[in-house]
Structure formats: structure tokens, C-alpha cells
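# An overview of the molecular structure
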Amino acid sequence: MTDRRLLLVHAHPDDESIVTGATMAKYAAEGAAVTLVTCTLGEEGEIIPPDLAHLGPDREDTLGEHRIGELDKACVALGVRDHRFLGGPGRYRDSGMMGAPTNDRPGCFWRADVEEAAHTLAMVIREVRPDVIVTYDDNGGYGHPDHIQAHRVTLRAFEKAAERALPGTPWQTRKLYAIAQPRSVLEESVARLAEAPGPFTAPAAVEDISPATPDHLVTARIDGTAHWPAKALAMRAHATQITVEGELFALSNGIAQEIRAVEYFTLVRGSAPRPGPDGYETDLFA
């Protein structure tokens, strides 16, 4: 067991597995303390399997309650023992996609007071004392309001936790990373999927998968290849949101994506990165 501590802040159940599952499983297996904070229950998620359609948004909070169970199973698969919902389960509600009427719903995360939510997260940070924090970039990865808000809240909580660190303690979170999707990696993936999309629709362009991060902005590459099975199993646990077929998956849009065990990040706060021969940091704790 090491004394390394990693904290990840995600918007909805399933986000953690899709974009950081291999990283979480890798560090958990190596003995690091991995804490996951999820900001909403994902009540507005689109349900894929017809046999789970009864959990839809017309049934108040039924989907959110179900997704708590999915997240529990995913965390078991990833080896993550410390999971919390920001402010407790249901404190902040899923805001839906940008521009949806649910963006204006009272209690949704998009409408949360950033200072208040950051204070709540800062208390978790001061308790857990992570060396490294991971969340989204300022566009929330792909423009989802809850992802953008998670970035804002995490950035402010990072600052607040440092401002109010306990007197006499040397601890301070050293690094804050944003999840990245390098353009070159996505382009290579799109090319492969054009030839073999499995039972899904092949993406026609990088943007069909995700807005890309310019390669020069990506600072860390974490190879979780040994933990690919754990990531795939965690993604399968989110059955309402993800369809997994072999080495591929699709969300509700049916567009094929690869389950990738190599994950990328951009340093947002902290000392200058020390890249290896391939130009990337290979350890978030370096």
C-alpha cells in the first residue's frame, strides 16, 4: 500500500468508467487511495435497453436511483472503495444537455452556486488530502453543462482547499489535471472504426466521438492496458447508458467507439510536467 491519493470529480455515473476507468483501476490496483466524487445521479440520461425503458424520466427519480446501483457495480469492477456524491445523493440534479429545458430546473447542477458547491467539494479534498485531482477541461469535454460546472467547481475547490488547509500541516494538492482526447488518437480510432464498426454506426469524423484536444496541449499518457478488462466490466455495469460489444461500445447515438485503456490528461495546475521520451508524463503522481 502506498500513500498516494487520487481524487476524480465526474458529472454523472458512467463518465468515470468511459474516460478514466483504466487510470482508476491501474492506480487502485497499485495501492493508491482512489476517491470518486460524482456530482449528480444522471437522472436525465437516455436509456438504451428497451427492457429498462420503465426507468425513464417520466418516472420521477427512478432512473437516478437505478444508476446509483450501476455506479456501485462499476466501482467494484475498478477496485474503487471510496465513492461519494457531491453533497450527498440527489443534492444536485442532472441538468440534461445544453439548451434543454432541464437546464433551468431548480436544483440542477448547472444552476448550482459555484462557491457553495466548491465549499462542499473542498471539505472532501481537505478530508481525503489527494496529491492529484482529475476533472474535465473548461468545455467539460464536449460541452455538457454539468461537465462544465464540474470543471468550475473543482477548480474553485482546488483553490479553496489550499486557502484553508489545516494550520501546521504541510499537505497541499500538488496537481490538477483535465481529461484529454488527443486529436491524433481520435483520428486513428475513426480510421479503424470506419473499417470495423461492429454492430454500431461508424463515426464519420472525430467530432462524432468527441471534441478533440490539440495534441500539443496533452501532457500525460497513462497506460492502463493491463486493466482493460476492469474498465470494460465497469462500462458494462452502466447498462442503461452504454452498450458494450467486444472491444467496442456505443452510447445512445449508436456510434461506435473503442474501449481504450490508454488515457490522456492535460495539466491544469501544478509544477511543470516532466515528459518522458514520448513527450508525455507517464505517472500522474510524478
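Residues numbered from 1 in each chain as written. Predicted model: local features only at pLDDT ≥ 70, side-chain atom pairs only at ≥ 80, totals over all residues. Heavy atoms only, no water.

### Some remarks on the UniProt feature "binding site: Zn(2+)" (unreviewed entry) in the protein
The UniProt record annotates "binding site: Zn(2+)" (unreviewed entry) at His12, Asp15 and His147. Despite a sequence span of 136 residues, these residues sit close together in the fold, their greatest C-alpha distance being 9.6 Å. The subset of the named residues that lines the largest pocket consists of His12, Asp15 and His147. Looking at the secondary structure, you find His12 in the loop between β1 (5-10) and α1 (15-29). By relative accessible area, His12 is classed as buried at 5%. Residue contacts for His12: discarding those within four places in its chain leaves Thr38, Thr40, Gly42, Arg67, Asp94, His144, Asp146 and His147. You can see Asp15 is positioned in helix α1. Given a relative accessible area of 9%, Asp15 falls into the buried group. (UniProt positions renumbered as here; feature names shortened; annotations may be inferred. 1 Å grid on protein atoms, 1.4 Å probe; cavity = no way out; pocket = protein on both sides within 12 Å on 5 of 7 lines; lining within 4 Å. Helix = DSSP H or I, 4+ residues; strand = E, 2+ residues; numbered from the N terminus. Buried < 20%, exposed > 50% of the residue type's maximum accessible area, 1.4 Å probe, protein only. Contact = heavy atoms within 4.5 Å.)

### A look at the sheet that holds strand β7 (residues 243-245)
Backbone-to-backbone hydrogen bonds pair the strands of a sheet. The strands run either parallel or antiparallel. Read from one edge of the open sheet, three strands run β7-β8-β9, paired in antiparallel fashion. In this open sheet, the two edge strands, each paired with only one partner strand, are β7 and β9 (257-258). Where β7 lies against strand β8 (residues 248-250), three bridges are found, and the strand directions are antiparallel. What sits directly across from Thr243, in β8, is Ala250. (Pairing = 2+ DSSP bridges.)

### Notes on the layout of surface pockets
The probe, sized like a water molecule, is rolled over the atoms to show the empty space still left. Taken as a whole, the largest pocket encloses approximately 1100 Å³ of empty space. Looking at the largest pocket, it is lined by 44 residues, and the ones nearest its centre are Asp15, Ile18, Tyr142, His147 and Leu251. Taken together, the elements giving at least two residues each to the lining of the largest pocket come down to α1, β5 (175-180), β9 and β10 (262-269). Class assignment of the residues belonging to the lining of the largest pocket gives a composition of 16 nonpolar, 15 polar and 13 charged. In this structure, the second largest pocket spans a volume of roughly 230 Å³. Taken together, 13 residues form the lining of the second largest pocket, with Ala32, Ala33, Val34, Gly79 and Arg81 sitting closest to its centre. Elements supplying a minimum of two residues to the lining of the second largest pocket: α1 and β2 (33-38). Here the lining of the second largest pocket gets three residues from one element, more than from any other, and that element is β2. Among the residues making up the lining of the second largest pocket, the classes are represented as eight nonpolar, three polar and two charged. (Points joined across faces, edges and corners; volume = space filled by probe spheres on them. Nonpolar A, V, L, I, M, F, W, Y, C, P; charged D, E, K, R; others polar.)

### Concerning the environment of Glu163
Mapped onto the secondary structure, Glu163 falls in helix α4 (residues 145-163). The exposed category is assigned to Glu163, whose relative accessible area is 55%. Distance in space between the C-alpha atoms of Glu163 and Ala122 is 9.9 Å, their sequence separation being 41 residues.

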